[in-house]
Every structure is written in C-alpha cells, then in structure tokens.
Amino acid sequence: MIKHFGFQSLVPASVNPSLQPCKNEESINLEPWIKPPSKMLHTMSDKEVFWRASLASRIKEYPFKRVPTIAFMFLTKEQLPFAPLWERFFKGQKRLYSIYIHSLPPFRANYPPSSVFYKRQIPSQVAEWGEISITDAERRLLANALLDISNEWFVLLSESCIPLYNFSIIYNYIMRSNHSFVSAFDDPGPHGRGRYNNNMEPEVNITQWRKGSQWFEVNRKLALYIVEDTKFYPKFAEFCKPACYADEHYFATMLTIQAANLLANRSITWVDWSRGGAHPAMFGKTDITEELMKRMLEGDTCSYNDRNTSMCCLFARKFAPGALEPLLLLAPKYLGF
C-alpha cells in the first residue's frame, strides 16, 4: 500500500478511479477497410495502388454482412458508345455491381449524375494496342476494383462490347462458376510459340507459353495473383514486344502457371472471326438483325462447372457506335432487358 512508503493516500475510499479516453482519440473500427474509396480519381501512383490492392485477409469468412458484387471494367478510348444499352442492363441492380472506366487521357467523360457511369473513371494512362501499356491498363483496372472488398468477380470489357443476357442471368452464371473465364491454349504455330523469346526463362519456358483472348472474367483470388505479380510481368514487359503482344499472352501464361486448375480455358465473349484477318468482324447498323442475335445466342456447346451447356457466351463484340439504335430495339426480345 502507498502508506508503507510514508505517504497517505489523498483519494477518498469511496471514489473508484477509472480511465477516461482522450476526447480526440481516433475511433478504431473496420469501416476504413471495408468501405470503398469515395473518389475514383485518387492521387495514388500505379505502384501505390497495386500495393494497396494486394492487401488481402487470410481469413476467408467475413465478420460482417457482405454482398458479393461484380466489377465491370471498361477499357475504352473516350465515351462509351453503348452506354444507353448498358444503362438498361444495370437498372435496378445497384447493390450487385460496380463500374470502373479506363479511358485515354486527358479525356474526361460527361455522363449526367443520373448515369451509372457518372464519376466512374479511374486514373488512366496512355494505352496503345499491341504494347505492354494495354496490359498495364488492364492491371490498373483490376487494382482499382480490388479496393472495394465487395467485388468478388472482375469482368473486362471494351467500348465495343454488349451484354447478351439480362443482369440476373449474367450475375448468377458468373457467381456460381467454379472457374475463372480465361482463354489459355498452346498454339504451336508462328502466332503462338513463334512469339516466344528464350529470355523468358527460367520464369517461363516454351512448354508453359500460352495464348488467349485479352477479355477475361476472373474471381478475386486470380485478380490478386495478377496485381501482386512481380515475377512474370517484368519478363513480358521486356521481352514480349510486337510482334509478340503481351495482352494475348501474359494473363494466359501467368495464370496457367499459377492456377491452371482454376481456369475454364475459354472466353465468354462472343466474336466473329469468319471474315479472316488480324481482327474480328465489326458489326454496324445494317448488320444488327434477328439472324445475328440468334447466331450469338445459339449453336455452341461448352463446359460449365464440368457439365455441358449451350449457354457459352455472356458478352459479344465488336460493334460500331451506329449499331446502338437497332440493338436497343432488339434488346427486349433477345437480350431480356
């Protein structure tokens, strides 16, 4: 007791001392971790946002109510020509999706406040077809989308893409999938293994080299693999240059090495290569017919969760801006919205 040291306690026996928090003490809770950024146009560099996005919990169960959402990531040059069609698609589904737009700087979109695309642009940089900068843009989209912990799936779309079904069908198809939709195949020809550079070794040998569509749909686990990758990306940045196109090889190769069993090894974005050439067919106003709509929706067989299905593609490209009007007319009958 204090009196043993020659002091008499000055605190009355009836008073129970207690610790009082400082008035300016910061409240500590989960909100900063689970609430997405209020502004898309942040000031973080790529290196900073990649680092922030790579932070992930090792505990799989969430200690709060979490509604899993799909991040729709648009890689575009300027304004989205099919915004009115996508507006119909997203209508009434606000809690189940998020949107991210990467456009060429210094373009700034002028969507009205009522639009689902209002203020959804992320900090962007120049992205040129065939260059590693396209891959950078796609990784940048993923990193920004990962900042929202609600996002469970990540869909990469171009400005010429359209949905082929209503939101509910697409949401359930993707959310219930056991595999991420990344096209990855071994092409022994000049446009596959012929693009391989021996300098990719030892990280990537020629038997691991894969090719695939740049348009993917990946779950959160694979999205984290992509943004945290510092092993494979530097090799592609240095040694995969035209006529090697990183967007056709990087994701397919890296994810095959990292998580081959988690890939569906197919794309769910419909394209028409029947006209030949280095790019798929472009569809304009006069091409949008009931026959085309049926062709996109019917005729294929694929595997979904290890079962055969005739529902293989959820999106389609490439469509010219002039195709908007007839697509809006046919949407209620063929697209379900």
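Reading guide: rules and limits
- Residues numbered from 1 in each chain as written.
- Predicted model: local features only at pLDDT ≥ 70, side-chain atom pairs only at ≥ 80, totals over all residues.
- Heavy atoms only, no water.
- UniProt positions renumbered as here; feature names shortened; annotations may be inferred.
- Disulfide = S-S within 2.5 Å.
- Buried < 20%, exposed > 50% of the residue type's maximum accessible area, 1.4 Å probe, protein only.
- Helix = DSSP H or I, 4+ residues; strand = E, 2+ residues; numbered from the N terminus.
- Pairing = 2+ DSSP bridges.
- Axes fitted to C-alpha atoms, helices over the stretch in contact; angles between N-to-C directions.
- Contact = heavy atoms within 4.5 Å.
- Salt bridge = Lys/Arg side-chain N within 4 Å of Asp/Glu carboxyl O.

- The record in UniProt for the chain states the following under Subcellular location (unreviewed entry): "Membrane".

1. A closer look at the state of the cysteines
A covalent bond between the sulfur atoms of two cysteines is what we call a disulfide.
Okay, so step 1: Under the counting rule described, the total for this entry stands at two disulfides.
Okay, so step 2: Put simply, Cys 240 and Cys 244 are joined by a disulfide, and their sulfur atoms are 2.0 Å apart. Given an S-S torsion of about -85 degrees, the disulfide between Cys 240 and Cys 244 has left-handed geometry. Of the two residues, Cys 240 and Cys 244, neither departs from the other in class, the shared state being buried.
Okay, so step 3: Two residues share a disulfide in this structure: Cys 302 and Cys 312, whose sulfurs sit 2.2 Å from each other. As the torsion about the S-S bond is roughly -110 degrees, the Cys 302-Cys 312 disulfide counts as left-handed. Separated by ten residues along the polypeptide, Cys 302 in strand E7 (residues 302–304) and Cys 312 in the loop between strand E8 (307–309) and strand E9 (315–316) bring together distant segments of the chain.

2. A word on the sheet that holds strand E5 (residues 217–219)
Okay, so step 1: The four strands are arranged E2-E1-E3-E5 in an open sheet whose pairing can be described as mixed. Strands with a single pairing partner mark the edges of an open sheet, and in this sheet they are strand E2 (97–102) and E5. Each adjacent strand pair in this sheet contributes to an overall mean axis angle of 20 degrees, direction not counted.
Okay, so step 2: For strand E3 (residues 151–158) and E5, the ladder comprises three bridges, and the chain directions are antiparallel. Each bridged residue has a counterpart across the sheet, and for Val 155 the counterpart in E5 is Glu 217.
Okay, so step 3: Each of strand E1 (69–75), E2 and E3 is contacted by helix H3 (residues 83–90), which is oriented at about 180 degrees to E1, the strand it contacts most.
Okay, so step 4: Where helix H4 (residues 132–146) meets the sheet, its contacts fall on E1, E2, E3 and E5, and the angle it forms with E1 comes to roughly 150 degrees.

3. Considering the pattern of salt bridges
Okay, so step 1: One pass over the full model with this rule turns up ten salt bridges.
Okay, so step 2: Here Lys 235 ties to Glu 203 by a salt bridge, and the two come within 3.4 Å at their closest N and O atoms. With Lys 235 in helix H7 (residues 233–239) and Glu 203 in the loop between helix H5 (167–175) and E5, the pair connects residues that are 32 residues apart, well separated along the chain.
Okay, so step 3: We classify Lys 235 as buried; its relative accessible area is 15%.
Okay, so step 4: Overall, Glu 203 belongs to the partly exposed group, its relative accessible area being 23%.
Okay, so step 5: Its salt-bridge partner being Asp 272, residue Arg 295 comes within 3.5 Å of it at the nearest N-O pair. With a gap of 23 residues between them, Arg 295 in helix H9 (residues 290–297) and Asp 272 in the loop between strand E6 (269–270) and H9 connect regions that are remote in the sequence.
Okay, so step 6: For Arg 295, a relative accessible area of 41% puts it in the partly exposed group.

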